[in-house]
Amino acid sequence: MSVGVAVLGSTGSIGRSTLQVLSRQRERFRVVALTAHSNGDLLAAQAKEWQPAFVGLVNGGARDSGLGIRKGPDCLVDAATHPDVRIVVNGIVGAAGLEATLAALRAGKRVALANKETLVMAGELVAQAAREGGGEIVPVDSEHSAVLQCVAGRRPTELARLILTASGGPFRTWERERASRATVAEALKHPTWSMGKKITVDSATLVNKALEVIEAHFLFDVEYDRVDVVIHPQSVIHGFAEFVDGSVLAQVGFPTMELPILYALTHPDRVPDQGVRRFDPVAAGALTFEALQPERFPAYVVGREAARVGGMAPARFNAANEVAVQLFLEERIPFGRIAEIIERVVAADTHHGDATSLADVVAADAAARRLAHGVLISVHEFGHFIVAKLVGIQVLRFSLGFGRPLLEWRRGETEYWIAWIPLGGYVKMAGLEEEGMVGELEGGKADAAIDPKRAFDKQPLWARMAVILAGVTMNVLFAFAVYVGLYAVAGVPERATTQIDTVRVDLLTPGTQALATLQRGDRILRIDGASVTTWEDIIRRFVGSKGETRFEIAGRPQPLTVRLPADTVARLRAFALEPLLPARIGFVIPGEPAARAGLRNGDLVVRAGGDTVRSWSDLLRKLWYSPDRPVELTVVRGDSLVTMTVTPRAETDPDSASVRPKPFGFIGAEGNPPQIKRRLPITTAVRAGASQTAFQTEQVILSVKRFVVGQGKMRDLGGPIMIAQVSGQAARAGLDRFLMIMASISIGLAVLNLLPIPVLDGGHLMFLIAEGIRRRPLSLQLRLRLTQVGMLIVLAIMVLAIGNDVFRLFR
Ligand code: NAD
Ligand code: MG
């Protein structure tokens, strides 16, 4: 029986070479799956020739070629895990290839890997997936194939050093200054290899070689100082392996990817093949070698350094490079900027934001993001499900996850599924089964016979409205439950200080004037005899007391006595005290000025704009009054002092009661005050949960409103990457923070889903309201047309949001 092969990226340079090889090896291999990104025509032609069982187009558009092509990003994993596939050739370019590699390895397949970026991003993860699933990686990259061929059959302890060769690319002999202005056409003129655009640019910067050094480290388990690189302009020797006895083997051949691809399919065997030009030493002529000159290839140097540093640094290096090369290919930056961008991003080190997070997102945070997203959508669908059942609609299926079922059972007329793709879930109701927009994703028709009387459309208006509203209601309830749980079980963080920073005398009422005598550093011990330990204690006491109230201050023999206003709101307004908190930085929002200046979690700010900073309030005030003006900050970081310049951006508060100036400077960093957690009794927790839910809902509505009336800035619209970054950071910061963010995303989803756009629940609701007014439903045609418009709007918003994310990464 021939071996089943999946070719991912079949329309690319590696993919086409692979099919070339396979066309000569038809008795040994057969093509089971093909995928491409957007070249549907070539893909269709390939599918016609090879008749694979599975064909997938990631960016398919609407046109259906009639060949049963699967659309969307999930097709990569589906192809890679197809049961008939034994070998997955991964010829995808860039980070997009990671999931398929992981899935294939977990499913125990061989991955013939050309997609080096993913080893660089997530080498550990990939190795782990291979261990767990029993899969193996065999390199396709010519240098690594060369090394593999030299070391095959040897014990790892016999290997002393690797030497990878590099052609030096088109700018090998150019002055750095001239190369920095090189055009795209010049960069794409590779002297010896014909390859895809991205790797060709990588070869010109020599980033490719840095990626290959990292790739070699993971593939052959050698330390970085035992991987050398030499310039070899003829590209005839692809790699050397030096052994412990001093012997060196090299692998030789005219440049072609077909040999390493074939070897990756047959390793450790060799099979007869006639496709490529036989080697001829005389024709090869003189072979020369030169030392690599680091000053000509700064990006290579940064890459090696990132490799040495390890951790997330290689992923960051790779992500920065992907973004920079993309910009260069679009002629938005000159060639020289590629290295600069990479250098800047990698130097930015561990602070959040920048292009770094692109890799973060995909590699480290994918799980957190999936989980958050999947759970919230399932919760939403569960709402629809439960109410549909309650009002007597025939529910054909409730599925957690999309695609084919992993687990399925049946109770009465309803199928319950747990399906493969953990990105959400859905409910199939009688009468709505044709309206599913995701078609295929919803795993096909249900078994039960449809009872037309119990179809969705036959229900009274109120029942249908209840079903539609139930989804968002569940999202809000979920958030509420999370808040209550956190308050009652994990406890709420309270600021562990009772020391005064400043008193805002402008807020004092006639009865509270005496508070003006408090000075910075004064500590409140007791209010009305009850001792206070957190700032929140003070607020609660202040707001909870009435009339004459005694403040006992450390070191003062006499308590301060004030008369608090009788009205609660007036008391809240009169709370003029600010806590003394250290100017220590906590959470830094990706892409905002603080992140871009290099401020990090844990930094203690000691000077700002030439003034000493003694507290968080000192820092805030300095920044508030410097919108759009650079402020030099000095921070204590570990044992050293670090200086940086941050330029707060100008913001205005929507509410007029704000204490901030107009406009005020905003840098996008939270403080990190000393905190203690306090658990609330359950009734208080419920009350606090309700008010937090209300507050959060109001916030989302306000920002949507600002957006709609045009005050909101496009920039503030964060898409999936931003959500992922934030939830990823939060997951690292602890479960409670992660849940907190999930709750607020859940509320966000609820509110957004209620926007009156067809395809969203809000749109559906509008149809029902229209029906209520007209006393008969809108025509199906009109609904379909409106739904299409709605899809376009939602897509446009998504594109905008993702664009913003990417913009945020390198601005
Ligand atoms: P290419 O641009 O010619 O082809 C890339 C393929 O990936 C295309 O089929 C495209 O449809 C697919 N693709 C692109 N973006 C995708 C996405 N987001 N989702 C799914 N599919 C997507 O590139 P190439 O030169 O064939 O290189 C592919 C990989 O192989 C790269 O990682 C490269 O570094 C590596 N590589 C290539 C060569 C070579 O000779 N071309 C040599 C060694 C290593
Ligand atoms: Mg290579």
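In this report, we go over the structure that sits alongside the text. Remember, predicted model here, so these are calculated numbers, not experimental data. (Residues numbered from 1 in each chain as written. Chains lettered and ligands numbered in written order. Predicted model: local features only at pLDDT ≥ 70, side-chain atom pairs only at ≥ 80, totals over all residues. Heavy atoms only, no water.)

With respect to the coordination of the magnesium ion (ligand 2)
And step 1. Donor atoms from the polypeptide that coordinate the magnesium ion (ligand 2) comprise Asp141 (OD), Glu143 (OE) and Glu212 (OE), at 2.1 to 2.2 Å from the metal.
And step 2. Summarised as a motif, the one-chain spacing of the donors to the magnesium ion (ligand 2) is D-x1-E-x68-E. Separated by 69 residues along the polypeptide, Glu143 in helix 6 (residues 142–151) and Glu212 in helix 10 (residues 207–220) bring together distant segments of the chain. Exposure class is identical for Glu143 and Glu212. Each is buried. (Donors = N, O, S within 2.8 Å, 3.2 Å for Na, K, Ca; no water. Helix = DSSP H or I, 4+ residues; strand = E, 2+ residues; numbered from the N terminus. Buried < 20%, exposed > 50% of the residue type's maximum accessible area, 1.4 Å probe, protein only.)

Looking at the pairing of strand 1 (residues 3–8)
And step 1. For strand 1, the buried fraction is high: six of the six residues fall into the buried class.
And step 2. Covered by surrounding structure in strand 1 are Val3, Val5 and Val7 together with Gly4, Ala6 and Leu8, the residues of both alternating faces.
And step 3. Summarising the sheet, strand 1 and strand 2 (residues 29–36) pair through six bridges and their orientation is parallel. Counterpart to Val5 in the pairing with strand 2 is Val31. (Pairing = 2+ DSSP bridges.)

Describing the packing of helix 5 (residues 116–133) against helix 10
And step 1. Contact pair helix 5 / helix 10: the axes reach a minimum separation of 9 Å and the direction vectors enclose 50°. With respect to their mutual orientation, helix 5 and helix 10 come out oblique. Pair helix 5 / helix 10 crosses with left-handed handedness. The segment helix 5 lies against helix 10, with Lys116, Leu119, Val120, Gly123 and Glu124 engaging Asn208, Leu211, Glu212, Ile214, Glu215, Phe218 and Leu219.
And step 2. Broken down by class, the residue content of the contact of helix 5 with helix 10 amounts to six nonpolar, two polar and four charged. (Axes fitted to C-alpha atoms, helices over the stretch in contact; angles between N-to-C directions. Parallel < 35°, antiparallel > 145°, perpendicular 65-115°, else oblique. Left-handed = near helix turned anticlockwise from the far one by under 90°. Contact = heavy atoms within 4.5 Å. Nonpolar A, V, L, I, M, F, W, Y, C, P; charged D, E, K, R; others polar.)

Section: the environment of Val503
And step 1. Relative to the elements of secondary structure, Val503 occurs in strand 15 (residues 500–503).
And step 2. Look at Val503 and you get buried, because its relative accessible area is 15%.
And step 3. Once the C-alpha coordinates of Val503 and Pro579 are considered, the two residues, 76 residues apart in sequence, prove to be 9.2 Å apart.
And step 4. Once you skip the residues sitting within four places of it in the chain, Val503 turns out to touch Leu508, Leu515, Ala516, Leu518, Ala576 and Leu577.

With respect to helix 26 (residues 761–774)
And step 1. Between the first and last C-alpha of helix 26 there are 20 Å, a value that for 14 residues agrees with the 20 Å anticipated at 1.5 Å per step.
And step 2. Buried residues of helix 26: Asp761, Gly762, Gly763, Leu765, Phe767, Leu768 and Glu771, and no others. (Expected span 1.5 Å × (residues − 1).)

What to know about the site of ligand 1
And step 1. Around ligand 1, the structure places 23 residues, and the nearest of them are Thr11, Ser13, His37, Glu117 and Gly196.
And step 2. In this structure, an oxygen atom belonging to ligand 1 sits 2.9 Å away from a main-chain N or O atom of Ile14.
And step 3. The separation between an oxygen atom of ligand 1 and a polar side-chain atom of Glu117 is 2.7 Å.
And step 4. If ligand 1 stood free it would expose 830 Å²; the protein chains cover 87% of that surface.
And step 5. Elements with a minimum of two residues in the shell around ligand 1: helix 1 (13–23) and helix 5.
And step 6. Residue composition of the shell around ligand 1, by class: 11 nonpolar, nine polar and three charged. (Near = heavy atom within 4 Å. Polar contact = N/O pair within 3.5 Å; in protein donor to acceptor, adjacent residues only side chain to side chain. Areas by Shrake-Rupley, 256 points an atom, 1.4 Å probe, with all protein chains shown as cover.)

Things to note about the sheet that holds strand 18 (residues 547–553)
Consider a sheet: its strands pair through backbone hydrogen bonds, and that pairing is either parallel or antiparallel.
And step 1. The antiparallel open sheet is built from four strands, whose spatial order is 17-16-18-19. At either end of the open sheet lies a strand with only one pairing partner, and these are strand 17 (530–531) and strand 19 (560–564).
And step 2. In the sheet, strand 16 (residues 524–527) pairs with strand 18 via three bridges, with the strands oriented antiparallel. Among the inter-strand pairings, Ile524 is bridged to a residue of strand 18, identified as Ile553.
And step 3. Across the sheet, helix 19 (residues 535–544) touches strand 16, strand 17, strand 18 and strand 19, and the angle it forms with strand 16 is around 35°.

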